[in-house]
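Descriptive analysis of the structure
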Amino acid sequence: MHRITVTGLRQFRQFVSGQPETGKMPVLFIGHGSPMNGIEPNVFSRSWSQQAAELPVPTAVLVISAHWYTRGTHITTMDMPPTIHDFGGFPQALFDVRYPAPGNPQLATETRALITKTEVGMDHDWGLDHGAWTVVRHLYPDANIPVLQLSIDYTKPAVWHYELAAEIAALRRKGVLVLGSGNMVHNLRMLSWEMINGGGYDWAVEINETFKRLISDGDHNALINYKQLGEAAKLAIPTPEHYLPLIYTLGLKTAEEPVSFFNDQAVGGSLTMTSVRIGAEKDRH
């Protein structure tokens, strides 16, 4: 398929002149699941910690979370983003968590300069929602890596988000870890409490395998046009906010880069925790 590249050599040169380049940072898509994964030492959160151990230490983390779904595109720009508890019905211990990672207003400005598809709003109010902090606190528990969020414009189709992601590819050579946080299969209306600790409906397992095959094959067109993948895809993606972070990560992939999967499990019947790493492990020598 035709690969979409970073738009605008001028913007790219302007960006890379700001800070020294590092090696190209891998990209992660994380199936984040329940907010309780943010405080529970379980198979999923331990795997997130292991990913951080296998990656270069980033200069910053840019999260595209399913839970910042906006009209227009915005980026967090504050020095100290607050921890947002955007959920209900969970134990007080979860609401007590604060993840005091700094922001990076300069990086927010530089990221906005890379994006030509749309005007990017500089946001001083949002912070880190649970799609961000529940994951990143396991990757970087010392909260010493700057964390920003880029919102998902709900008025735009999947291909638009894929193309926007390509415009921020230069961030990877600045050592920025771009992290999409959602779930490939996410249908809470069909949640099964009998399978809450593991297991998926046949359709959920089927479409999850289809998604993995298409990712491995590099067939991004099929993944962008997910509505054409049949009834199982419609059940998996009743609304697109948890799926679109995957599209962002795929938009950052170059043709030669390897992909690998982790946390490849279904839970609750109608969710999958399947996660993706794009790019190689760190050099261990």
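Below, the structure is looked at part by part. (Residues numbered from 1 in each chain as written. Predicted model: local features only at pLDDT ≥ 70, side-chain atom pairs only at ≥ 80, totals over all residues. Heavy atoms only, no water.)

**Some points on unusual backbone geometry**
We note that Ala143 has phi near 55°; this positive angle belongs to a residue other than glycine. Of the residues examined, Ala143 reaches a relative accessible area of 10% and is grouped as buried. The backbone of Asn263 sits at a positive phi, close to 50°, despite the residue not being glycine. (Buried < 20%, exposed > 50% of the residue type's maximum accessible area, 1.4 Å probe, protein only.)

**Considering the environment of Gly218**
Looking at the element boundaries, Gly218 is found in the loop between helix H7 (202-217) and helix H8 (220-224). Counting along the chain gives 56 residues from Gly218 to Thr274, while the straight-line C-alpha distance between them is 17 Å. (Helix = DSSP H or I, 4+ residues; strand = E, 2+ residues; numbered from the N terminus.)

**Some words on the side chain of Ser151**
Locating Ser151 in the fold gives a position in the loop between strand S6 (147-149) and strand S7 (152-153). With a relative accessible area of 0%, Ser151 lands in the buried category. Reaching out from Ser151, the side chain makes a polar contact with the side chain of Thr70 at a distance of 2.8 Å. Excluding anything up to four places from it in sequence, Ser151 contacts Trp68, Thr70, Gly72, Thr73, His74 and Tyr248. (Polar contact = N/O pair within 3.5 Å; in protein donor to acceptor, adjacent residues only side chain to side chain. Contact = heavy atoms within 4.5 Å.)

**Here's the deal with the layout of surface pockets**
Empty space within the largest pocket amounts to approximately 640 Å³. Split into classes, the residues belonging to the lining of the largest pocket amount to 12 nonpolar, 12 polar and two charged. Approximately 300 Å³ is the volume found for the second largest pocket. Elements supplying a minimum of two residues to the lining of the second largest pocket: helix H6 (158-167) and helix H9 (231-236). (1 Å grid on protein atoms, 1.4 Å probe; cavity = no way out; pocket = protein on both sides within 12 Å on 5 of 7 lines; lining within 4 Å. Points joined across faces, edges and corners; volume = space filled by probe spheres on them. Nonpolar A, V, L, I, M, F, W, Y, C, P; charged D, E, K, R; others polar.)

**Topic: the pattern of salt bridges**
Under the definition given, this model contains seven salt bridges. When the shortest N-O distance is used, the salt bridge between Glu209 and Lys212 registers 3.1 Å. Here the residue Glu209 and the residue Lys212 both occupy positions in helix H7, the gap between them amounting to three residues, near one helical turn. Notably, a salt bridge pairs Lys212 with Asp264, separated by 2.4 Å at the nearest N-O pair. Here Lys212 is found in helix H7, whereas its partner Asp264 is found in the loop between strand S9 (259-262) and strand S10 (266-267), with 52 residues between them in sequence. On the basis of relative accessible area, Lys212 is assigned to the buried category, the value being 14%. Several salt bridges share partner residues, and in doing so they unite Lys24, Arg172, Glu256 and Glu257 into one network. (Salt bridge = Lys/Arg side-chain N within 4 Å of Asp/Glu carboxyl O.)

**A few points about the packing of aromatic side chains**
By convention here, two paired aromatic rings are described through the distance between centres and the angle between planes. According to the stated counting rule, one finds eight aromatic pairs in the structure shown. Centroid distance Tyr69 to Tyr154: 5.8 Å. Interplanar angle 55°. Geometry classified as tilted. Placement of Tyr69 in strand S3 (residues 69-70) and of Tyr154 in the loop between S7 and H6 is noted, with a sequence separation of 85 residues between them. Here Tyr154 falls in the partly exposed class, since its relative accessible area comes to 41%. The structure contains a cluster of three or more aromatic residues connected by ring pairs, namely Phe87, Phe90, Phe95 and Trp133. Just above the ring of Phe261 sits the side chain of Lys212; from NZ or CZ to the centre is 5.9 Å. (Phe/Tyr/Trp six-rings, centres within 6.5 Å; stacked < 30°, edge-to-face > 60°. Lys NZ or Arg CZ within 6 Å of the ring centre and 35° of its normal.)

**Quick notes on the side chain of Glu167**
Mapped onto the fold, Glu167 is located in helix H6. In this structure Glu167 is buried but unpaired, with Lys117 as the nearest side chain of opposite charge at 6.0 Å. Here the side chain of Glu167 touches Thr116 through a polar contact of 2.5 Å, side chain to side chain. (Lys, Arg positive; Asp, Glu negative; His and termini not counted.)

**Some points on the packing of H6 against helix H10 (residues 244-251)**
In the contact formed by H6 and H10, the axes pass within 7 Å of each other and the chain directions differ by 40°. In terms of orientation, H6 lies oblique with respect to H10. The hand of the H6/H10 crossing is right-handed. Within the contact between the two elements, H6 uses Ala158, Trp160, His161, Tyr162, Leu164, Ala165 and Ala166 and H10 uses Leu244, Ile247, Tyr248, Leu250 and Gly251. For the contact of H6 with H10, the class distribution of residues is 10 nonpolar, two polar and no charged. (Axes fitted to C-alpha atoms, helices over the stretch in contact; angles between N-to-C directions. Parallel < 35°, antiparallel > 145°, perpendicular 65-115°, else oblique. Left-handed = near helix turned anticlockwise from the far one by under 90°.)

**Overview of the environment of Thr210**
Mapped onto the secondary structure, Thr210 falls in helix H7. Among the residues examined, Thr210 registers a relative accessible area of 17% and is labelled buried. Distance from Thr210 to Leu128, taken between C-alpha atoms, is 31 Å for residues 82 residues apart in sequence.

**Side note on H10**
Here H10 lies mainly inside the structure; eight of its eight residues are buried. When we look at burial in H10, the residues that qualify are Leu244, Pro245, Leu246, Ile247, Tyr248, Thr249, Leu250 and Gly251.

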